[in-house]
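Structural overview for review
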Amino acid sequence: AEMGFKAFRLSIAWTRIFPEGDGEVNQAGIAFYIDVLKTLRDHQIEPVVTLYHWDMPQSLIDRYNGWYGMETVEAFKRYVDTCFQEFGDYVTYWLTLNENNLTLMMPAFGTGVKIDKGSAGYKQFSYRVYHHTNIAHFYAVKSCHEMCPDAKIGCMIASSLAYPLTSDPSDVLLARNHNQELTYDYLDLLISGKYTPKNRIKFTEQGSNIHEQNQDLFLDPKARID
């Protein structure tokens, strides 16, 4: 406040609210964040709250392999609903999953599974984790709009734009493909509720139809970011 800041971005730790990722609510954690949010408000600082910042509860990793398991998505739904209910009076601006456009680059993060690009089944694993995180995102947006109608909600994007080294067409194409795959494909999904045609082809090539699931949620007008 002394430095004149008018907004402060913070992340809620899932385990402060649900120590096991699901189960019993930790009322001490609720009280902790209410104190933080009230203090910001008392100093005319707008909280900008991220719901998930890569801090998957260890219990959900141990039991469900994190985002690989649909059970984790269901736990996340309860977690975000609790956040909107408990903190909605103090928060106007929300973010869902931090830099989720990076998920296909490092899908094993927070799953407890040792797998890399050379492993059998890597693509199928990647797309399943990616789709599950997207279910979590769209649910959080829809729920926020329903539970906190005056709030705004978006998604933090990891944007690392590439520029062509030269005017050579191959350099231009490489830069364009980098930007498309890392950033624009994901923005298209967030705005339209649809995976890009290229993404859908990649899903199908791996023998997966997971991208065809949850379409009602993805296309729900209330699931559009602000």
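Higher on the page you've got the structure.
For the structure given in this document, a descriptive report is provided here. Bear in mind that the values here come from a model prediction, so they are computed numbers and not experimental data. (Residues numbered from 1 in each chain as written. Predicted model: local features only at pLDDT ≥ 70, side-chain atom pairs only at ≥ 80, totals over all residues. Heavy atoms only, no water.)

Digging into the pairing of strand 3 (residues 93-97)
Two faces, one strand: in a regular strand the side chains alternate between the faces of the sheet. Of all the five residues making up strand 3, four are buried; the element is thus mostly covered by neighbouring parts of the structure. Looking at chain direction, strand 2 (residues 46-52) and strand 3 are connected through four bridges and run parallel. The partner of valine 49 across the bridge, within strand 3, is tryptophan 94. With three bridges joining them, strand 3 and strand 4 (residues 152-154) adopt parallel strand pairing. Considered in strand 4, the bridge of tyrosine 93 is made with lysine 152. A crossover connection joins strand 3 to the parallel strand 4 through helix 5 (residues 122-147); in handedness this β-α-β unit is right-handed. (Buried < 20%, exposed > 50% of the residue type's maximum accessible area, 1.4 Å probe, protein only. Helix = DSSP H or I, 4+ residues; strand = E, 2+ residues; numbered from the N terminus. Pairing = 2+ DSSP bridges. Right-handed = clockwise from strand over helix to strand, strands pointing away.)

Some details on the layout of surface pockets
Of the voids in this model, the largest pocket is the one considered here, and its volume is about 470 Å³. Along the wall of the largest pocket there are 17 residues; nearest its centre are Leu104, Met105, Lys123, Glu181 and Lys202. Looking at the lining of the largest pocket, the elements with two or more residues in it are helix 5, helix 6 (169-192) and helix 7 (197-205). By residue class, the composition of the lining of the largest pocket is eight nonpolar, four polar and five charged. (1 Å grid on protein atoms, 1.4 Å probe; cavity = no way out; pocket = protein on both sides within 12 Å on 5 of 7 lines; lining within 4 Å. Points joined across faces, edges and corners; volume = space filled by probe spheres on them. Nonpolar A, V, L, I, M, F, W, Y, C, P; charged D, E, K, R; others polar.)

Focus on a nonpolar patch on the surface
Taken together, Leu161, Tyr163, Tyr184 and Leu187 make up a surface patch of nonpolar side chains, about 420 Å² in accessible area. With respect to the helices and strands, leucine 161 occurs in the loop between strand 4 and helix 6. (Patch = residues over 30% accessible without salt bridge, like charges linked within 9 Å, V, L, I, M, F, W, Y side chains within 5 Å. Areas by Shrake-Rupley, 256 points an atom, 1.4 Å probe, with all protein chains shown as cover. Salt bridge = Lys/Arg side-chain N within 4 Å of Asp/Glu carboxyl O.)

Structural notes on empty space enclosed by the protein
Here the structure, examined in full by the defined rule, presents one cavity of 30 Å³ or more. The space that makes up the largest cavity amounts to roughly 60 Å³. If you trace the largest cavity, you find it lined by Tyr52, Trp54, Trp67, Asn100, Thr103, Met106, Pro107, Phe109, Val129 and Thr133. Tallied by class, the residues present in the lining of the largest cavity amount to seven nonpolar, three polar and no charged.

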